[in-house]
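The residues making up each chain are set out below.
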Amino acid sequence: MRATVMFGAGDVRIETLPDARTIEPTDAVVVVSRACICGSDLWPYKTMEHSEAGRRMGHEAIGVIESVGADVRSVKVGDLVVMPFAYSDGTCTFCRAGLQTSCIHGGFFGVVGMEGAQAEAVRVPQADGTLVVLPVGEDDALMPSLLTLSDVMGTGHHAALAADVGTGKTAAVVGDGAVGLCGVIAAKRLGAEQIILLGRHPDRIALATQFGATDVVSERGEKAVERVRELTNGFGAHSVLECVGHDLSMATAVAIARPGGAVGRVGVPQHEQIPTTRKTFFDNVTIGGGPAPARAYIEELLPDVLEGRIEPGRVFDRVTDLDGVPDGYRAMDEREAIKVMIAF
Ligand SMILES: [Zn+2]
């Protein structure tokens, strides 16, 4: 089968590899019909040291189950399924608490030593706990939005929950990538009255406005903080969704939280420390978030997607086949595309 492998910064190739197959009795093999490139894939794309073995890429997919191991019960061959970016058993103490990204038998797709979803097929460990059957046909027009349940929509929702978004509150979303845009959707869905997007790219701002952003702040650093204060009677936002992961974006997120507010961070941190500990202390600002348990949110978000109340699939502004994946990385890295979908 053919699959995406990254061999170092800027070096993404489509390689022919042995076919995906079940190894453990709890595995399933999914033939991928849709996958995509994630903003988090751009971190290794910028920084990965050269590796002879390479790293298989991709952690978001919809596909059809081709085979299952002997112990798989809740999904079967032929099912159309969505795969969250982490696999999980669905039964351990953390899964039962809705934190599948900490599953004691879990892990992540597309990391060193694991298979990736930017491929013709992928082995899914813990298939019963991980996969969710979709009640639609394979060519359904909802496919792009359903694909976002693998990661970006669940991640935006997680940021909104961690930031304690609620009815009538002000939410600020730091970052205008696909996760930030889904954060806008999530904040609106949870009842935020004012939604301030911190972003700079005209195409993304336009989409965010359609998703429900009421204000846009394109300044950076201290100027951005001033602008948000102006927009919030000098107080800052109740809820801040940090959807980037840079030290500057995290510093901005903390600085624009109002006293008693919360920051929900879902951008994979590229820094070692959370800034301005005194501000979070004296203003009683809560900092929460982490890798979204996307699996926990699929059932909750699925009806909204199926009934068209949210359209997170609009974050995909480019579609390619597998051969176009290396150029898709380039296009996202150069901010030419928001998010690239791979259709097989
Ligand atoms: Zn578990």
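This text follows the structure it describes.
Here the structure is a predicted model, which is why all the values come from computation and not from measurement.

A. Spotlight on the overall build of the chain. Helices and strands together make up the secondary structure of the chain, namely twelve helices and 18 strands. The C-alpha radius of gyration computed for the chain amounts to 20 Å, which stays within 12% of the reference 20 Å derived for 344 residues, consistent with globular compactness. Overall size of the chain, expressed as C-alpha extent along the three principal axes, is 60 × 40 × 35 Å. When burial is assessed residue by residue, the chain has 56% of its 344 residues classed as buried. In the chain, the proportion of contacts linking residues at least 24 apart, taken out of those at least 6 apart, comes to 68%. About 14,100 Å² of surface is accessible on the chain, with carbon and sulfur atoms providing 50% of the total. Each charge class in the chain can be summarised by its mean position, and for the 31 positive and 45 negative side chains these summaries are 5 Å apart.

B. Structural view of the packing of helix α6 (residues 178-189) against helix α7 (residues 202-211). In the contact formed by α6 and α7, the axes pass within 9 Å of each other and the chain directions differ by 15°. Classified by the angle between their axes, α6 and α7 sit roughly parallel to one another. Here the hand of the crossing between α6 and α7 comes out right-handed. Judged by residue contacts, Leu181, Val184, Ile185 and Lys188 of α6 engage Arg204, Leu207, Ala208 and Phe211 from α7. Class assignment for the residues of the contact of α6 with α7 results in six nonpolar, no polar and two charged.

C. View of the sheet that holds strand β2 (residues 11-16). In spatial order, the strands read β2-β1-β4; together these three strands make up an open sheet with antiparallel pairing. Two strands in the sheet have a free side with no partner beyond their single neighbour: β2 and β4 (55-56). The strands that helix α12 (residues 325-333) touches are β1 (2-8) and β2; relative to β2, the one it contacts most, it runs at about 160°.

Each value, and the rule that gives it
Residues numbered from 1 in each chain as written. Predicted model: local features only at pLDDT ≥ 70, side-chain atom pairs only at ≥ 80, totals over all residues. Heavy atoms only, no water. Helix = DSSP H or I, 4+ residues; strand = E, 2+ residues; numbered from the N terminus. Rg over C-alpha atoms; globule rule 2.2 N^0.38 Å. Buried < 20%, exposed > 50% of the residue type's maximum accessible area, 1.4 Å probe, protein only. Contact = heavy atoms within 4.5 Å. Areas by Shrake-Rupley, 256 points an atom, 1.4 Å probe, with all protein chains shown as cover. Lys, Arg positive; Asp, Glu negative; His and termini not counted. Charge placed at Lys NZ, Arg CZ, Asp CG, Glu CD. Axes fitted to C-alpha atoms, helices over the stretch in contact; angles between N-to-C directions. Parallel < 35°, antiparallel > 145°, perpendicular 65-115°, else oblique. Left-handed = near helix turned anticlockwise from the far one by under 90°. Nonpolar A, V, L, I, M, F, W, Y, C, P; charged D, E, K, R; others polar. Pairing = 2+ DSSP bridges.

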